[in-house]
Amino acid sequence: MTKTLFLFILLVGRCSLLSAQNQSNYLKAQPNIIVILVDDLGYEDVGFNGCKDIPTPNIDKIASKGVKFTNAYVSYAVCGPSRAGLITGRYQDRFGFSRNPLFAPNDPNMGLPLSEETLASALKKSNYKSIAIGKWHLGAHETLWPSKRGFDDFYGFLSGGHQYFPENWTLQDEYEVKAQYDAYNTKLLRNNTRVEETEYLTDALSREAVSYIDKYKDQPFFMYLAYNAPHAPLQATEKYLNRFDTIKDKKRKTYAAMVSAVDDGVGNILNKLETLSLTENTIIFFLSDNGGPENHNASNNGVLRGGKGDVFEGGIRVPFAMIWPNKIAANMVYDKPIISLDIFATVIAQTNTPVETKNPIDGVNLMPFLTGENNEAPHEYLFWRKFDANDYACRNTIGQKIARRKDINMLFDLGNDISETNNLIEKKPQSFQNLKTTYEDWGNQMIDPIFLGLGEDLEYNKLHPDRFHRDKNSKQ
Ligand code: CA
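Residues numbered from 1 in each chain as written. Predicted model: local features only at pLDDT ≥ 70, side-chain atom pairs only at ≥ 80, totals over all residues. Heavy atoms only, no water.

Asker: Please explain the overall build of the protein as it appears in this structure.
Answerer: What the protein contains, in helices and strands, is 13 helices and 16 strands. A compact globule built from 476 residues should have a C-alpha radius of gyration of about 23 Å, and the protein, at 23 Å, falls within 12% of that. A principal-axis box enclosing the C-alpha atoms of the protein has dimensions of 90 × 55 × 50 Å. Restricting the contact set of the protein to residue pairs at least 6 apart, pairs at least 24 apart contribute 71%. Here the protein displays about 19400 Å² of accessible surface, and carbon together with sulfur accounts for 51% of that area. For the protein, the distance from the average position of its 53 positive side-chain charges to the average position of its 58 negative side-chain charges is 3 Å. (Helix = DSSP H or I, 4+ residues; strand = E, 2+ residues; numbered from the N terminus. Rg over C-alpha atoms; globule rule 2.2 N^0.38 Å. Contact = heavy atoms within 4.5 Å. Areas by Shrake-Rupley, 256 points an atom, 1.4 Å probe, with all protein chains shown as cover. Lys, Arg positive; Asp, Glu negative; His and termini not counted. Charge placed at Lys NZ, Arg CZ, Asp CG, Glu CD.)

Below is the structure:
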């Protein structure tokens, strides 16, 4: 070998080594993303929002070492549409996900349309591994499962809720389901395969979260951890119930135990990140998918009016915190309105991920607002639409809000009346009209629902007599 050739080989080898090293450094610099979504948690049921009877020290760390949002919203007041908004960064009414979907394993149109890009699909373009854990609720047909929507791993269930104790998971798969709520009794899925799980559901989901962090510790990952707790049914183990002997109300006690189980899980996740030295480079979002249904699960929305299902604040304003050490100041409180759709936009911006231009996103990158680079408000207006009830709401930055519920039009000043007790529509007709016009302009961009929803079982079953019948072409 000539000296020149030897030098050439050495140089090429070194270049490719450097290139691999650069690639590795680049990937390591990309932040990990964890979205912890809880289900039907009341606004005042976390320590960082003033909860007194349920300690949530681990969840509170996300707020105390990061930012607590006091005017944080979701895009819908119940589970399914709220999740569709969060995972796409778009108002779900843009693509017809305006109802809670029915459990319909043979229906490819019952769920998140394939025209929509999920955060996991987008992050694939930035070499992320994505994991969905817990409640899916974005479609039970196999073309809509997490593995088809950008997630490399899935551990959880497809339905809108689930039984918490493994002895109740008696159905082998989705085709043994014969009625909407039977789906709560299906065995869990790991990716596309049913598994035998033995732990209390919340503990199992936390265990999987910790395990997947280990699995993907050497590369950027996105974890969508969707606990179904503390959504009904109210079920908890003695381990957690025993922490709440002071709570005499049985429902509240069980609810508290369920929240406490989630808090333990969050603690395990934070500890795992710390052990692996990943804390600094991981963004965590914590939020509820909608407000608490107070009468149903004994949650507490505090001073907020209404609850799950309402366009009042109790339905749509949620506990929301975010941590990204070194990038966001500790103990920060951010009061301007934000919405769950901003998670998508923030993550995309911070990871330089290209998105589908045909689907303009409604979320906003929050980071410039949290670093003080931008002192304006992220959103001039936020919108909510309950298509079937013809209820809607729209609020502006300064807290003027219109709400229409059961054909009654209302105008509130949230800055002085967070409980929405004083309807100002007579006193300020022009303010009402301005917001109504803004809402209507937005509403004209939305489309009608593309599937029948929860509560429309009878109609759906008539149209789809084979709703639960196993399709012979199915891989199941
Ligand atoms: Ca929910």
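Having seen the model, we can carry on.
Asker: I keep staring at the coordination of the calcium ion and nothing clicks. Help me out?
Answerer: When four donors bind a metal tetrahedrally, each ideal donor-metal-donor angle is 109.5 degrees, and when six bind octahedrally, the ideal angles are 90 or 180 degrees. Around the calcium ion, the protein contributes the donor atoms Asp39 (OD), Asp40 (OD), Cys79 (SG), Asp289 (OD), Asp289 (OD) and Asn290 (OD1), which lie 2.2 to 2.6 Å from the metal centre. Counting the intervening residues between successive donors of the calcium ion yields the motif D-D-x38-C-x209-D-N. Just as Asp289 is buried, Asn290 falls in that class too. (Donors = N, O, S within 2.8 Å, 3.2 Å for Na, K, Ca; no water. Buried < 20%, exposed > 50% of the residue type's maximum accessible area, 1.4 Å probe, protein only.)

Asker: Help me understand the packing of aromatic side chains, please; the structure alone is not making it clear to me.
Answerer: Aromatic ring pairs are reported here in terms of the distance separating the ring centres and the angle at which the planes meet. In this structure the tally under the stated criterion is 19 aromatic pairs. Taking 5.6 Å as the distance between ring centres and 45 degrees as the angle between the ring planes, the aromatic pair formed by Tyr439 and Trp442 counts as tilted. Linking Tyr439 with Trp442, this pair stays in helix H12 (residues 429-443), spanning three residues, or about one helical turn. Across this residue pair, the class does not change: Tyr439 and Trp442 are buried. Members of the aromatic cluster, connected to one another through ring pairs, are Tyr91, Tyr381, Phe383, Tyr392, Tyr439 and Trp442. Over the ring of Phe312 we find Arg305; its NZ or CZ atom is 3.9 Å from the centre of that ring. (Phe/Tyr/Trp six-rings, centres within 6.5 Å; stacked < 30°, edge-to-face > 60°. Lys NZ or Arg CZ within 6 Å of the ring centre and 35° of its normal.)

Asker: Please explain the side chain of Asp173 as it appears in this structure.
Answerer: Among the secondary structure elements, Asp173 is positioned in the loop between strand S5 (153-157) and strand S6 (189-190). Among the residues examined, Asp173 registers a relative accessible area of 8% and is labelled buried. In terms of polar contacts, Asp173 uses its side chain to reach the side chain of Arg470, at 3.2 Å. (Polar contact = N/O pair within 3.5 Å; in protein donor to acceptor, adjacent residues only side chain to side chain.)

Asker: Is there a simple way to think about the environment of Val364 in this case?
Answerer: For Val364, the location among the structural elements is in the loop between helix H10 (341-350) and helix H11 (367-371). Residues Val364 and Pro378, spaced 14 residues apart in sequence, show a C-alpha to C-alpha distance of 6.4 Å. The contact partners of Val364, leaving out residues within four places of it in the chain, are Asp342, Ala345, Thr346, Phe369, Pro378 and His379.

Asker: What is the right way to read the sheet that holds S6 from this model?
Answerer: Working definition: the strands of a sheet are paired by backbone hydrogen bonds and lie parallel or antiparallel to each other. Across the sheet, 10 strands lie side by side as S7-S6-S5-S4-S8-S1-S9-S10-S2-S11; this open sheet has mixed pairing. Strands at the two margins of the open sheet, each flanked by one partner only, are strand S7 (193-194) and strand S11 (332-334). Relative to S7, S6 runs antiparallel, the two sharing two bridges. Considered in S7, the bridge of Arg190 is made with Thr193. Its contacts with the sheet place helix H2 (residues 57-64) against strand S1 (32-38), strand S2 (67-69), strand S9 (282-288) and strand S10 (320-323), and it is angled at close to 65 degrees to S10. Across the face of the sheet, helix H7 (residues 250-275) comes into contact with S1, strand S8 (221-226) and S9 while running at roughly 175 degrees to S1. (Pairing = 2+ DSSP bridges. Axes fitted to C-alpha atoms, helices over the stretch in contact; angles between N-to-C directions.)

Asker: How should I be thinking about the environment of Tyr128 in this particular structure?
Answerer: Tracing the backbone shows Tyr128 in the loop between helix H4 (119-124) and strand S4 (129-135). Note on Tyr128: relative accessible area 3%, which makes it buried. For the pair Tyr128 and Thr186, spaced 58 residues apart in sequence, the C-alpha separation works out to 30 Å. Beyond its immediate chain neighbours, meaning those up to four positions away, Tyr128 contacts Gln30, Pro31, Ile33, Leu123, Asp152, Pro220, Phe221, Phe222 and Thr351. Here Pro31 takes part through its backbone oxygen, which lies 2.5 Å from a polar atom of the side chain of Tyr128.

Asker: Help me out: how do you make sense of the pairing of strand S16 (residues 408-413) in this one?
Answerer: The two faces of the sheet receive side chains in turn, since in a regular strand these alternate between them. In this structure, strand S15 (residues 400-405) lies alongside S16, joined through six bridges in antiparallel fashion. Following the sheet pairing, Ala403 is matched in S16 by Met410. Counted along the chain from S15 to the antiparallel partner S16, the turn is two residues long, and its residue Lys406 has a positive phi close to 50 degrees.

Asker: Which parts of the structure should I look at to understand unusual backbone geometry?
Answerer: Note the cis peptide between Ala229 and Pro230, where omega equals -5 degrees. With respect to the helices, strands and loops of the structure, Pro230 is situated in the loop between S8 and helix H6 (238-241). Note the cis peptide between Ala232 and Pro233, where omega equals 0 degrees. Locating Pro233 in the fold gives a position in the loop between S8 and H6. Phi is positive for Asn191, close to 55 degrees, though the residue is something other than glycine. Note on placement: Asn191 falls in the loop between S6 and S7. Owing to a relative accessible area of 27%, Asn191 belongs among the partly exposed residues under this scheme. With a phi close to 55 degrees, Asn390 is a non-glycine residue in the positive phi region.

Asker: I tried to follow the nonpolar core on my own but got confused; where do I start?
Answerer: Looking at soluble globular proteins, one finds that nonpolar side chains tend to be buried together. The biggest cluster of nonpolar side chains holds 61 residues, and the ones touching the most others in it are Phe69, Phe222, Tyr224 and Leu370. Ignoring any residue separated from it by four or fewer positions in sequence, one finds Tyr224 in contact with Val35, Leu37, Arg83, Leu86, Ile87, Ile131, Ala132, Ile133, Lys135 and Phe151. Counting residues in hydrophobic clusters, the runner-up holds 54 residues, among them Ile213, Tyr240, Val262 and Leu270. (Core = buried A, V, L, I, M, F, W, Y, C linked by side-chain atoms within 4.5 Å.)

Asker: In this structure, what is going on with the packing of helix H3 (residues 79-88) against H10? I would like to understand it.
Answerer: Each pair of packed helices gets described by two things: the angle between the helix axes and the distance between those axes. Put simply, H3 and H10 touch, their axes get as near as 6 Å, and they point 15 degrees apart. Judged by the inter-axis angle, H3 sits roughly parallel to H10. In this structure, H3 meets H10 at a crossing whose hand is right-handed. In this structure, H3 uses Gly85, Leu86, Ile87 and Thr88 to contact H10, whose residues at the interface are Leu341, Ile343 and Phe344. Looking at the contact of H3 with H10 residue by residue, the classes come out as five nonpolar, two polar and no charged. (Parallel < 35°, antiparallel > 145°, perpendicular 65-115°, else oblique. Left-handed = near helix turned anticlockwise from the far one by under 90°. Nonpolar A, V, L, I, M, F, W, Y, C, P; charged D, E, K, R; others polar.)

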